[in-house]
Every structure is written in C-alpha cells, then in structure tokens.
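# Coordinate analysis (summary)
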Amino acid sequence: MNRPLHLAAYLLAFDTQAQSLQDRTRAGFLLRAAALAELAHRGAAVEDDAGRVRVVTAAPTEDGVLDALLAELGTRPRTWKAWIRRSREDTLEAVEQRLAVLGVVTMANRDPYGPVVPHRAVAMADPREALDLQVRVAELVRGGGPVAETPFADAVLAALAAHGHLRLVLSRHDRRAHTERVTALTDRLKAETPGLARAVAGLNVTMVAAQGGMGGS
C-alpha cells in the first residue's frame, strides 16, 4: 500500500461488511488530520513559532485533495486544530471522488427525482486493501515490531486510529492496554510537526467538542 495518508485514512475508516464508513462524521476529522500530516511530511506546510500553519510551497501536488487544502491554508494563519475542524465534509467528499477515479470505490449516481440525501452511497468491490490496512494498523498498536522501524505513514495512521477512537480498528481495551505504544507512534509525527501531533493526540476531545458530545468512547 503506497497511498497518501488521506486516502489511506479513508480505507482505515471504511467498514467493508456494511459497505459504508463506520462513522462519517468521525471520518471527516480523521481525513482532515491525515491530509494535513501528508502536507507537513511533504514539506509543503509547517508551523510557525506561534503554532500556526504556514504554507511553504503552493506548487501543485498532482492530488486535488491536497491542492484544495493548500489553497485553504494560504487564506489566513490558523492552528492545526482549527484546520482539522474546518471544511471536513468537503475534504471527505473530495477523497471519495479521488478514490472513485482510482477505481478503489464506486459511488452511486444521485437520483434527480429521489429524496435529497447528504451524500452518495459508496461501495468497495474489493475490500482486501482496506482490510489488510486495518489489520496492519491494529497489529502495529498491539506491538508489531519496533516503532522506530515503522513506516512514517503507518505510525501516523495508528495514531489517528487510536486518538480518533476508530473502533473499527481498535477497541477501548486496545487503546488503554497499549497507551505507551500509541504515544511512541504519535511521537513519530511529533518529531516532524509538534503542533500537529498535539492536535492528533487531542483528536477525540476536539471531535466531541465540535459535535456537541458525539459518541465514540
């Protein structure tokens, strides 16, 4: 699997049995954080001394999701946490469109005569990539090999799954039993972008606050 973080995060959050995201609202937060981590890892965005995000280069990335996010980041300085909360549904829909173009998912056509729905139904004909990723991330948190040797993308995805309380991948017991390992995985992001790592570590609290008490413990 060699997909950018925001696309991988979608696969991580997709329930292949139900053929839908387990929690669409939660997925929006996870994908925004993942896209920001992707830009930071590429060196396109950094944080200034005040902890606000600054665009280093707005050169096209060949990824429409990242290009749209870069354009947003250039509008005004905000913290990583603030950017995670903004335009989440737009990023989620853009990721779905990108995955559809790549043939990873299919999206149902809107019925112009049917009821208005907030989003189109998405299906994944071949679930193996998503399932393999979910298993790999879960095993990584449970102790699968030295953290220092873990690919950066896998470490970030594990941190997102743990701090984002993605129950499809990690149970509450998993998160509590492997707290130190989750911290070590999150530190891989902290080494590159401390402010974003802090925002990821507080992701569930941010989601609850933004949604007025959404579930997911």
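Looking only at helices and strands, one finds eleven helices and six strands in the protein. In summary, the protein has a C-alpha radius of gyration of 17 Å against a globular reference of 17 Å for 217 residues, a match within 12%. With respect to the three principal axes, the spread of C-alpha positions in the protein is 50 × 40 × 35 Å. Expressed as a percentage of its 217 residues, the buried residues of the protein come to 47%. Put simply, 70% of the contacts in the protein that link residues at least 6 apart link residues at least 24 apart. If the 27 positive side-chain charges of the protein are averaged to one point and the 25 negative ones to another, these points end up 6 Å apart.

Our next topic: the environment of Val65. The topology assignment puts Val65 in helix H3 (residues 64-73). Assessed through its relative accessible area of 6%, Val65 is described here as buried. Once residues within four sequence positions are removed from consideration, Val65 is found in contact with His6, Thr91, Ala94, Val95 and Arg98.

Attention now moves to the packing of helix H1 (residues 5-13) against helix H5 (residues 88-101). Relative to each other, H1 and H5 sit at 90°, their axes nearing to 10 Å. Classified by the interaxial angle, the pair formed by H1 and H5 is roughly perpendicular. Facing His6, Leu7 and Tyr10 of H1, the residues of H5 in contact are Leu92, Val95, Glu96, Arg98 and Leu99. Split into classes, the residues belonging to the contact of H1 with H5 amount to five nonpolar, one polar and two charged.

Here we come to the side chain of Arg78. Secondary-structure assignment places Arg78 in the loop between H3 and helix H4 (80-85). Of the side chains with opposite charge, Glu72 lies nearest to the buried Arg78, which makes no salt bridge, at 6.6 Å. Excluding anything up to four places from it in sequence, Arg78 contacts Arg52, Val53, Trp83 and Arg86.

The next point concerns the environment of Ala35. When you line up the elements, Ala35 lands in helix H2 (residues 24-42). For the pair formed by Ala35 and Val65, sequence separation is 30 residues and the distance between their alpha carbons is 8.0 Å.

A separate point is the pattern of salt bridges. As enumerated under the stated definition, the model contains ten salt bridges in all. When the shortest N-O distance is used, the salt bridge between Glu72 and Arg32 registers 2.9 Å. With a gap of 40 residues between them, Glu72 in helix H3 and Arg32 in helix H2 connect regions that are remote in the sequence. Considered together, Glu72 and Arg32 belong to a single accessibility category, that of buried residues. Between Arg42 and Glu38 there is a salt bridge; the shortest N-O distance is 2.8 Å.

Criteria and cut-off values
Residues numbered from 1 in each chain as written. Predicted model: local features only at pLDDT ≥ 70, side-chain atom pairs only at ≥ 80, totals over all residues. Heavy atoms only, no water. Helix = DSSP H or I, 4+ residues; strand = E, 2+ residues; numbered from the N terminus. Rg over C-alpha atoms; globule rule 2.2 N^0.38 Å. Buried < 20%, exposed > 50% of the residue type's maximum accessible area, 1.4 Å probe, protein only. Contact = heavy atoms within 4.5 Å. Lys, Arg positive; Asp, Glu negative; His and termini not counted. Charge placed at Lys NZ, Arg CZ, Asp CG, Glu CD. Axes fitted to C-alpha atoms, helices over the stretch in contact; angles between N-to-C directions. Parallel < 35°, antiparallel > 145°, perpendicular 65-115°, else oblique. Nonpolar A, V, L, I, M, F, W, Y, C, P; charged D, E, K, R; others polar. Salt bridge = Lys/Arg side-chain N within 4 Å of Asp/Glu carboxyl O.

By themselves, these observations are geometric and do not establish any function.
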